[in-house]
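Observations on chain architecture
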Amino acid sequence: MKLNKNYKFWFATGSQDLYGDECLDKVAAHSKEIVAGLNASGKLPFEVVLKPTLISQASIRQTFNDANNDPECAGVITWMHTFSPAKMWILGLQEYRKPLCHLHTQFNEEIPYDTIDMDFMNENQSAHGDREYGHIVSRMGIERKIIVGHWQDPEVVEELSGWMYTAVGAIESSHIRVCRFGDNMNNVAVTEGDKVEAQIKFGWEIDHYNVNDLVEIVDAVSESDVNALTDEYYSKYKILLEGRDADEFRRHVAVQARQEIGLRKFLEDNDYHAVVTHFGMLGGLKQLPGLAIQRLMEDGYGFGAEGDWKTAALVRLMKLMTAGKKDAKGTSFMEDYTYNFVKGKEGILQAHMLEVCPSIADGEISIKACPLSMGNREDPARLVFTAKEGKGVACSLIDLGHRFRLIINAVDVKKTEKPMPKLPVATAFWTPEPDLKTGAAAWILAGGAHHTSFSYDLTVQQMVDLADTFGIESVVIDKDTDLKSLKNELRWNEMFFSRR
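A quick note: this is a predicted structure, and the numbers were derived from the prediction, not measured. (Residues numbered from 1 in each chain as written. Predicted model: local features only at pLDDT ≥ 70, side-chain atom pairs only at ≥ 80, totals over all residues. Heavy atoms only, no water.)

**Describing the domain arrangement of the chain**
Short version of the rule: Boundaries of every domain are those given by an automatic assignment or by a domain database. Whether two residues are in contact is decided by their heavy atoms: any pair within 4.5 Å suffices. Once two parts are put together, the accessible area they lose, assessed with a 1.4 Å probe and summed over both, is termed the buried area. Salt bridge, as used here: a side-chain nitrogen of Lys or Arg that lies within 4 Å of a carboxyl oxygen of Asp or Glu. Any N or O atom pair separated by 3.5 Å or less is treated as a polar contact, with the protein-specific requirement of one donor-capable and one acceptor-capable atom, and with residues adjacent in sequence counted only for side-chain atom pairs. A run of H or I in DSSP counts as a helix once it spans at least four residues, and a run of E counts as a strand once it spans at least two, with each numbered from the N terminus. Only Asp, Glu, Lys and Arg are considered charged, only Ala, Val, Leu, Ile, Met, Phe, Trp, Tyr, Cys and Pro nonpolar, and every remaining residue, Gly among them, polar.
The domain boundaries assigned to the chain delineate domain 1 (8-174) and domain 2 (177-498). Just the C-alpha atoms count here: the centres of domain 1 and domain 2 sit 38 Å apart. Across the boundary between the two partners, domain 1 contributes 11 residues, which contact 15 residues of domain 2. Approximately 1,200 Å² of surface area, both sides summed, lies buried where domain 1 meets domain 2, with 59% of it carried by carbon and sulfur atoms. Three residues, Tyr165, Thr166 and Ser173, lead the burial of domain 1 against domain 2; their summed loss comes to 47% of the area buried on that side. Where domain 1 touches domain 2, the interface holds one salt bridge. Seen at the junction of domain 1 and domain 2, the total is five residue pairs in polar contact (both at pLDDT 80 or more). Counting residues per element, the side of domain 1 that touches domain 2 draws most heavily on helix α6 (residues 154-173), at seven residues. Looking at the side of domain 1 that touches domain 2 residue by residue, the classes come out as three nonpolar, five polar and three charged.

So this is what it looks like as structure tokens:
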């Protein structure tokens, strides 16, 4: 998956005109070296662009407004090399609308003990100037990412890299459009939500179509295109007939090929980036889309089952946040199914009826065509595999009626103890942090859904930063989670976010 824009991040250094031209020349030279060093590190996913030193309200305001208006600028990194009076920053900060990072660093890593004098002190005041700047940002209640440490420290560069991915996700979020075929599953609470508030908070456009609008396009797909894509399936995946007639099996697979082509055309023609289906609202579709949805997800589309548009949009957003990431292990829609409570082997089996993204697959991927008890349609073909091992995050965005909450659980994906030859779906098996008993209780206490947006390639902190950028509550379940403390956190959050 590739991003549509060549995003960049602006680097803005604060100072003032009281220090004289010689000092400001050094400030500019130091800023230039820092930006060059960050770009040369090879660790940042996006280019950092140096901007002139900001020494007045007018220059600060102009820089922030230029950043707002530049479609390739995904955020601004600010640093106060010297003392920059913070009242100069108020107007620019008020008008700025993109992600903001406060890099609290300094040019020198170590105090020059043998040579330090007052001239050096006047020219190197980050510990002084960044506090002045930080005060006004806090007083104005503006959300920002604060990164502390020397700019050459690999940990600092890694933290900046993570924030960049999150910032791009926040920018891209405003372009996400979700296409719903069918409504929410009857009587299900957690997949419901306020679509207007979602557009206000996240920028998501949530639209609805009758499924037969899609059927017209699916039925119009040419036989030659269906045959070509079916041949591609047969060349790429292992075919598991399991006693079925070979010709009959291929016809089932061809239905998914036709649906993939039709779905892809509908989404591309109408500029949608995520899709929602419902097994109870299939209209003239011959099968519930399975393999078709899995392939679309692998290409970067978001997905949510049974009308779950929040999860569909979040899957898309998390895929955008990992776009182009080296050695990415995958991101997918997922659902909690059943527990293993055996001591020392605790975990949750993750799957869905059909739609798990093959980007998370470990090893061979097969095609099966098996009956589906729901939907009253013919046996749908689906991709079957097991997920990779490794650390990841499982996230649930819920609507509490008056606000959104993002629940973020650190999980450890493992292999199941034994194979499951009779289970015809893609699966993952993970243990939530800090352990199954505490993790499951904390998830339920926080109101988490059974559907999740899962990724190996994002961290808990990145998802917290994303929630902060949107101004919504985040609840973290990780190795430090304690149920008593979590209960108090939820109570405090209720008071804080209810007054915003």
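Resuming the write-up.
**Comments concerning the sheet that holds strand β4 (residues 100-104)**
Keep this limit in mind: When DSSP finds at least two bridges between two strands, those strands are taken to pair. Interaxial angle, 0 to 180 degrees, is taken between N-to-C directions of lines fitted to C-alpha atoms, where a helix line uses only the stretch in contact.
Spatial strand order, β2-β1-β3-β4-β5: five strands in an open sheet with parallel pairing. The open sheet has two free edges, formed respectively by β2 (47-50) and β5 (145-148), since each of these has just one partner strand. On average, adjacent strands in this sheet sit at an angle of 25° to one another, irrespective of strand direction. Relative to β4, strand β3 (residues 73-80) is paired through three bridges, and the arrangement is parallel. Residue pairing across strands places Val76 opposite Leu100, the latter belonging to β4.

**Topic: the UniProt feature "domain: L-arabinose isomerase central" (unreviewed entry) in the chain**
In plain terms, the rule: UniProt positions are given in the numbering used here, feature names are shortened, and annotations may be inferred rather than shown by experiment.
Mapped onto the present numbering, the UniProt feature "domain: L-arabinose isomerase central" (unreviewed entry) falls on residues 177-324. From the first C-alpha to the last, residues 177-324 spans 21 Å; its make-up is 51% helix and 12% strand.

**Quick look at the nonpolar core**
We count it as follows: Take the buried Ala, Val, Leu, Ile, Met, Phe, Trp, Tyr and Cys residues and link them wherever side-chain atoms come within 4.5 Å; each set so joined is a nonpolar core. Burial classification: accessible surface area is computed with a 1.4 Å probe over protein chains only, and a residue below 20% of its type maximum counts as buried, one above 50% as exposed, and the rest as partly exposed.
Core analysis: the biggest nonpolar cluster contains 60 residues, and Ile77, Trp204 and Met463 have the highest contact counts within it. Each of domain 1 (8-174) and domain 2 (177-498) accounts for three or more of the residues forming this core. When near neighbours in sequence (up to four residues on either side) are disregarded, Met463 contacts Leu314, Met318, Met321, Val393, Cys395, Leu406, Ile408 and Leu458. Grouped together as the second largest cluster of nonpolar side chains are 32 residues, Ala369, Ala426, Ala440 and Tyr456 included.

**Let's talk about helix α2 (residues 57-69)**
Applied cut-off: A helix is expected to span 1.5 Å multiplied by its residue count minus one. Note: the arc covers the axis-to-C-beta directions of the helix.
Taking 1.5 Å as the rise per residue, α2 with 13 residues should run 18 Å; its terminal C-alpha atoms sit 18 Å apart, in good agreement. Among all positions in α2, only Ile60, Thr63, Phe64, Ala67 and Asn68 are buried. Down the axis of α2, the sector holding all buried residues measures 140°, keeping them to one side. Away from its buried face, by an angle of more than 90 degrees, α2 presents the exposed residues Ala58 and Asn69. Residues of α2 that are buried make contact with β1 (8-14), β3, α3 (90-95) and β4.

**Things to note about a negative patch on the surface**
Convention followed: The patches described consist of residues with a relative accessible area above 30% and no salt bridge, like charges being joined within 9 Å and nonpolar side chains (Val, Leu, Ile, Met, Phe, Trp, Tyr) within 5 Å. To measure how exposed things are, a 1.4 Å probe is used in the Shrake-Rupley method; for residues, cover is taken only from the protein chains shown. Asp and Glu are treated as the negative residues and Lys and Arg as the positive ones, with His and the ends of the chain left uncounted. All charge positions are set by atom: Lys at NZ, Arg at CZ, Asp at CG, Glu at CD.
Where like charges cluster on the molecular surface, the negative patch consists of Asp21, Glu22, Asp25, Asp117 and Asp119. In terms of residues, the negative patch owes the most to one element, helix α1 (residues 21-40), which gives three residues. Counting through the fold element by element, Glu22 comes out in helix α1.

**Observations concerning the pairing of strand β19 (residues 473-477)**
Every other side chain in a regular strand lies on the same face of the sheet, so the side chains alternate between the two faces. Within β19, four of the five residues are buried, which leaves the element mostly enclosed by the surrounding structure. In the sheet, strand β16 (residues 404-414) pairs with β19 via five bridges, with the strands oriented parallel. Pairing of Arg405 across the sheet is with Glu473, part of β19.

**Describing the side chain of Ser359**
Tracing the chain through its elements places Ser359 in the loop between β12 (347-351) and β13 (366-369). Polar side-chain contacts of Ser359 include one of 3.2 Å to the backbone oxygen of Thr331. Each residue touching Ser359, except ones within four places of it in the same chain, is listed here: Glu298, Lys319, Lys329, Gly330, Thr331 and Lys388.

**So, the packing of aromatic side chains**
In this description, a pair of aromatic rings is defined by centroid distance and the angle of the planes. Spelled out, the test is: Working definition: rings of Phe, Tyr and Trp (its six-membered ring) pair if their centres are within 6.5 Å, and the pair is stacked with planes under 30 degrees apart, edge-to-face with planes over 60 apart, and tilted otherwise.
In total, this model carries 21 aromatic pairs according to the counting rule given. A centroid spacing of 6.0 Å and a plane angle of 65° characterise the contact between Phe64 and Trp89, whose relative ring orientation is edge-to-face. Taken together, the residues Phe64 in helix α2 and Trp89 in the loop between β3 and α3 connect sequence positions 25 residues apart. As far as the burial class goes, Phe64 and Trp89 line up, both buried. Ring geometry for Phe202 versus Phe470: centroids 5.0 Å apart, planes at 80°, classification edge-to-face.

**Description of unusual backbone geometry**
Of note, the amide linkage connecting Glu433 to Pro434 takes the cis form, showing an omega dihedral of 0°. One can find Pro434 in the loop between β17 (428-432) and α13 (436-446). You will see that Asp271, though not glycine, has its phi angle at about 60°, which is positive. In this structure, Asp271 sits in the loop between α10 (246-269) and β9 (274-276). You can call Asp271 partly exposed: its relative accessible area is 44%.

**Here we look at the pattern of salt bridges**
Inspection of the entire model under this criterion finds 27 salt bridges. For the salt bridge of Glu72 with Lys8, the shortest nitrogen-to-oxygen distance reads 3.3 Å. With Glu72 in the loop between α2 and β3 and Lys8 in strand β1, this pair connects stretches of sequence that are 64 residues apart. Look at Glu72 and you get partly exposed, because its relative accessible area is 32%. By relative accessible area, which is 18% here, Lys8 ends up buried. The salt bridge partner of Arg295 is Glu260, with a shortest N-O separation of 3.1 Å. In this pair, Arg295 sits in helix α11 (residues 291-298) while Glu260 sits in helix α10, placing the two residues 35 residues apart along the sequence. Of the two residues, Arg295 and Glu260, neither departs from the other in class, the shared state being buried.

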